[in-house]
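Results of the structural survey
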Amino acid sequence: MTADRPVTGRVKARWGSSAVYQSATPSRVTWPGGELNLPPGQRALSNTAVHPDRHRRTAPEVRYRKSIPGLRVAQVPGSPMAIPATTRRIFKRGQVARQRTRPAFSGWSALALLIAFIVCLPILSVIWLAFNPQENIWPHLVDTVLASYLISTLGLMLGVSAGTLLIGISTAWLVTHYEFPGRSLFNWALLLPFAVPAYVIAYVYTDLLEYAGPVQSGLRSLFGWELASDYWFPRIRTLPGAISMMVLVLYPYVYLLARAAFLEQSASVLEAARVLGGHARSRFFRVALPMARPAIAVGLAMALMETLNDFGTVDYFAVRTLTAGLYDVWLGMNNLGGGAQIATLLLVFVSMLIALEKISRRHQHNYQPTATRFRKLTRRRLRGQSALLATAACLTPVLLGFLIPAAVLLDYAVQNFSHSWTADFRQIALNSMLLSGTAAATAVAIGILLSYSQRLRPTRLLRSSVTISSLGYAVPGAVLAIGVIIPFATFDNTLDAFMRERFGYSTGLLLSGTVFALIFAYTVRFLAVAYGSVDASMRKISPHMDDAARSLGHSSTSILTRVHLPLMKSGVLTAALVVFVDCMKELPATLVLRPFNFDTLATHVYQFASDELIAEAALGSLLIVLVGLAPVILLTSTIDRSRELKAAGITMIDQPGDTRVPDRNAP
């Protein structure tokens with residue numbers, strides 16, 4: 001071992017969002033048979049490094065100028081060199097692979113953990129109350145109604161799964177691989193049913209198809225029928241009717257992700273299958289569909305989560321699912337513990353759907369290898385009857401899911417505008433906008449905090465906290481309502497009892513039954529939506545920009561406000577818009593948590609529709625639909641932008657750990 005070669009040793013470390021190099025200046029180096037000490041008058045062995053003897057396997061001891069208590073020395077396989085274990089260096093086949101050093105716990109991490117705990121509090125409260133009810137009616141539920149609740153819920157989920165898969169996959173395949181009349185229009189029009197809540201479309205079709213509605217009245221006048229017994233007409237307010245209503249508005253989840261998956265597939269793969277003798281049907285079922293299966297499974301899981309969250313449709317159609325049963329037990333039987341027990345059962349279904357989504361995302365890259373040669377798909381032109389069938393297949397869901405409901409609502413709203421446009425209605429609309437705007441701002445602010453905390457301190461603990469914070473979107477609104485009421489009511493009652501005992505003063509309800517509880521529930525439920533959009537925008541910002549700002553003396557807070565937020569403006573606005581629209585449509589949690597004599601557009605429409613006053617509910621429903629068009633337009637513009645980038649030869653990298661920078665070398 002020699003020490004006469006002037007080499008500066010450096011250790012690669014990870015601080016914040018970028019890698020930096022720190023000098024490693026030893027103060028004393030020893031090895032078997034000798035040592036290297038400080039020259040007289042010198043405090044450290046600057047510009048000195050240890051060169052190992054290839055024939056020795058023992059490790060020297062390196063002490064640094066700043067001694068670290070408990071510093072461990074790691075043995076490097078195949079080399080006598082010794083390094084501090086905190087550098088986390090791994091030697092493989094003569095090369096050095098450096099890992100991140102674990103950052104210290106900071107205030108950002110503590111704040112992210114606190115948010116994760118607050119978000120989990122409603123779920124934990126539901127589980128705790130389910131196992132500790134004041135009056136345990138679980139045996140009674142098992143003996144009487146629980147089986148029917150489960151059968152109805154499973155039937156609803158199976159029907160929605162079949163319908164959304166059939167419509168979503170078939171329309172996505174047609175607009176991706178074939179050219180037919182109206183294809184460019186259907187490419188984005190198939191997303192329009194996203195704007196219509198399930199309970200709104202249920203009210204519209206009930207009014208159209210019931211016995212006194214225009215459809216049956218027209219049939220009776222046309223064929224001369226007088227009584228209902230003279231003909232047969234399917235009943236709309238049944239389980240199949242509820243399935244049909246939900247399929248019409250939930251299939252875009254599957255369509256959007258299936259279409260994206262089909263677009264990412266290379267034409268070379270399908271041509272190879274054709275060369276091997278596969279016909280069109282075989283190429284779809286044995287090649288294209290298996291490659292798109294992970295994305296389809298994610299879309300299906302999201303559609304089923306919305307199915308479990310729905311209350312307005314199943315309640316109006318008298319379908320006794322677990323969600324409707326939760327309200328029956330809680331409000332009808334006045335048993336919160338029984339409602340919490342049914343809510344816990346709903347959480348089991350939600351956990352299964354989350355597991356399905358996670359498994360699908362984990363295997364997605366196995367089906368879509370990025371290293372293979374890619375060639376753009378060429379659409380085949382359909383003619384004659386095939387073209388008409390393709391047009392009809394794409395037009396039917398758009399017609400039934402958006403055009404007919406929108407036309408009916410517009411007609412009713414115009415006819416009853418003078419009766420509906422009142423001061424009370426304007427106040428209700430203002431309540432919805434203020435609530436949704438406040439919740440959107442809160443959710444986006446928390447999403448920025450979580451994303452930036454993870455950027456600064458990418459530890460496993462923080463990643464787990466962010467994942468936990470995103471669970472609220474999967475929790476049905478009815479379950480979330482119970483979870484919010486339990487801790488809020490406990491806090492209010494405890495504080496009121498304390499103030500009465502000590503000061504003889506009643507504080508009343510400070511949290512439960514207030515607007516704060518409603519905003520809290522909205523924020524917890526839609527935090528995942530805000531975080532996803534914000535985090536996607538933050539990942540596009542290069543870490544080198546953080547380094548440049550830090551080198552100029554800016555703190556972490558200053559970098560966020562002066563660098564990141566201006567660059568993330570579009571992503572932040574997108575997140576706020578989507579959360580705002582979701583809050584405007586939210587019904588189950590709003591019904592329970594809203595203050596007395598306080599309505600939103602969703603509860604206003606629900607109350608009139610429950611009283612069979614569809615015309616009076618038309619204006620509020622139409623406003624909800626118009627607001628819901630905003631994310632549809634946003635999705636359409638995103639699709640068009642993606643198409644322009646692909647046409648220019650630019651692809652956006654969107655893989656875990658990437659920064660989503662344009663890749664002009666992509667095929």
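Residues numbered from 1 in each chain as written. Predicted model: local features only at pLDDT ≥ 70, side-chain atom pairs only at ≥ 80, totals over all residues. Heavy atoms only, no water.

The helix and strand tally for the protein chain stands at 25 helices and 13 strands. Of all 667 residues assigned to the protein chain, the portion counted as buried reaches 48%. Relative to all contacts within the protein chain whose residues are 6 or more apart in sequence, the contacts with residues 24 or more apart total 74%. Counting every atom, the protein chain has about 34,100 Å² of accessible surface; 60% of that belongs to carbon and sulfur. (Helix = DSSP H or I, 4+ residues; strand = E, 2+ residues; numbered from the N terminus. Buried < 20%, exposed > 50% of the residue type's maximum accessible area, 1.4 Å probe, protein only. Contact = heavy atoms within 4.5 Å. Areas by Shrake-Rupley, 256 points an atom, 1.4 Å probe, with all protein chains shown as cover.)

This model, assessed by the stated rule, comprises 11 salt bridges. The shortest N-O distance in the salt bridge between R237 and E612 comes to 3.1 Å. A residue pair is termed long-range when its members are at least 10 positions apart, and R237 in the loop between α6 (214-223) and α7 (239-264) and E612 in the loop between α24 (601-610) and α25 (614-647) qualify at 375 residues. We note a salt bridge from R455 to D546, for which the minimum N-O separation is 3.0 Å. With R455 in helix α16 (residues 423-456) and D546 in helix α20 (residues 543-551), this pair connects stretches of sequence that are 91 residues apart. Considered together, R455 and D546 belong to a single accessibility category, that of buried residues. Ionic contacts of the salt-bridge type, sharing partners, join the residues E179, R183 and R379 into one network. (Salt bridge = Lys/Arg side-chain N within 4 Å of Asp/Glu carboxyl O.)

It is worth spelling out α24 at this point. Among the 10 residues of α24, 7 are classified as buried, and the element is accordingly described as predominantly covered. Of all the residues in α24, the buried ones are L601, A602, T603, H604, V605, Y606 and A609. Note on α24: the residue one or two positions beyond its end, E612, has a positive phi of about 65 degrees.

This paragraph deals with unusual backbone geometry. The phi dihedral of A318 falls on the positive side, at around 55 degrees, and the residue is not glycine. Position of A318 relative to the elements: it lies in the loop between α10 (312-316) and α11 (322-332). Unusually for a residue other than glycine, N334 sits at a positive phi of about 55 degrees. On the secondary structure map, N334 appears in the loop between α11 and α12 (336-362). The class of N334 is exposed, set by a relative accessible area of 70%.

In this structure the tally under the stated criterion is 13 aromatic pairs. Taking 5.1 Å as the distance between ring centres and 80 degrees as the angle between the ring planes, the aromatic pair formed by W173 and F262 counts as edge-to-face. Of this pair, W173 sits in helix α3 (residues 146-177) while F262 sits in helix α7, placing them 89 residues apart in sequence. Each member of the pair W173 and F262 is classed as buried. Their ring planes at 20 degrees and their centres at 5.9 Å tell us that F488 and F516 sit as a pair that is stacked. Here F488 is found in helix α18 (residues 477-503), whereas its partner F516 is found in helix α19 (residues 515-539), with 28 residues between them in sequence. Using a relative accessible area of 8% as the deciding quantity, one classes F488 as buried. Ring-pair connections join several aromatic residues into one group, and the members of that group are Y199, Y203, Y316 and F317. Over the face of the ring belonging to Y211 we find R220, whose NZ or CZ atom lies 4.0 Å from the ring centre. The lysine or arginine in question, R237, covers the ring of Y316, its NZ or CZ lying 4.4 Å from the ring centre. (Phe/Tyr/Trp six-rings, centres within 6.5 Å; stacked < 30°, edge-to-face > 60°. Lys NZ or Arg CZ within 6 Å of the ring centre and 35° of its normal.)

On to the nonpolar core, then. Judged by nonpolar contacts, the single largest core of 173 residues is most densely connected at F180, F262 and L326. No other element matches the 15 residues that α7 contributes to this core. Apart from residues lying up to four places away in sequence, F180 is in contact with L174, V175, F186, L382, A387, A390, T391 and C394. (Core = buried A, V, L, I, M, F, W, Y, C linked by side-chain atoms within 4.5 Å.)

On to the environment of G241. Secondary-structure assignment places G241 in helix α7. Taking C-alpha positions, G241 is 9.7 Å from V319, a pair spaced 78 residues apart along the chain. Dropping the residues within four chain positions of it, G241 is found in contact with I236 and F317.

Moving on to the side chain of T176. With respect to the helices and strands, the residue T176 is situated in helix α3. Only 2.6 Å separates the side chain of T176 from the backbone oxygen of A172, close enough to count as a polar contact. (Polar contact = N/O pair within 3.5 Å; in protein donor to acceptor, adjacent residues only side chain to side chain.)

Following both chains from N to C, one finds α16 and helix α22 (residues 569-585) inclined at 135 degrees, their axes separated by 8 Å at the closest point. The angle between the axes of α16 and α22 places the two elements in the oblique class. You can see that α16 and α22 cross each other, and the crossing is right-handed. Residues S432, M433, S436, G437, A439, A440, A443, V444 and I448 of α16 lie in contact with α22, whose contacting residues are V572, A575, A576, V579, F580, C583 and M584. (Axes fitted to C-alpha atoms, helices over the stretch in contact; angles between N-to-C directions. Parallel < 35°, antiparallel > 145°, perpendicular 65-115°, else oblique. Left-handed = near helix turned anticlockwise from the far one by under 90°.)

Viewed as axis vectors pointing N to C, α7 and helix α9 (residues 280-309) meet at an angle of 140 degrees, and their least axial separation amounts to 8 Å. Relative to α9, the element α7 is oriented oblique. Judged by the twist between their axes, the crossing of α7 over α9 is right-handed. Counting all contacts with α7, which are made through M246, L250, Y253, V254, L257, A258, A261 and F262, the residues of α9 involved are F284, A288, A292, A295, I296, V298, G299, L300, M302, A303, E306 and T307.

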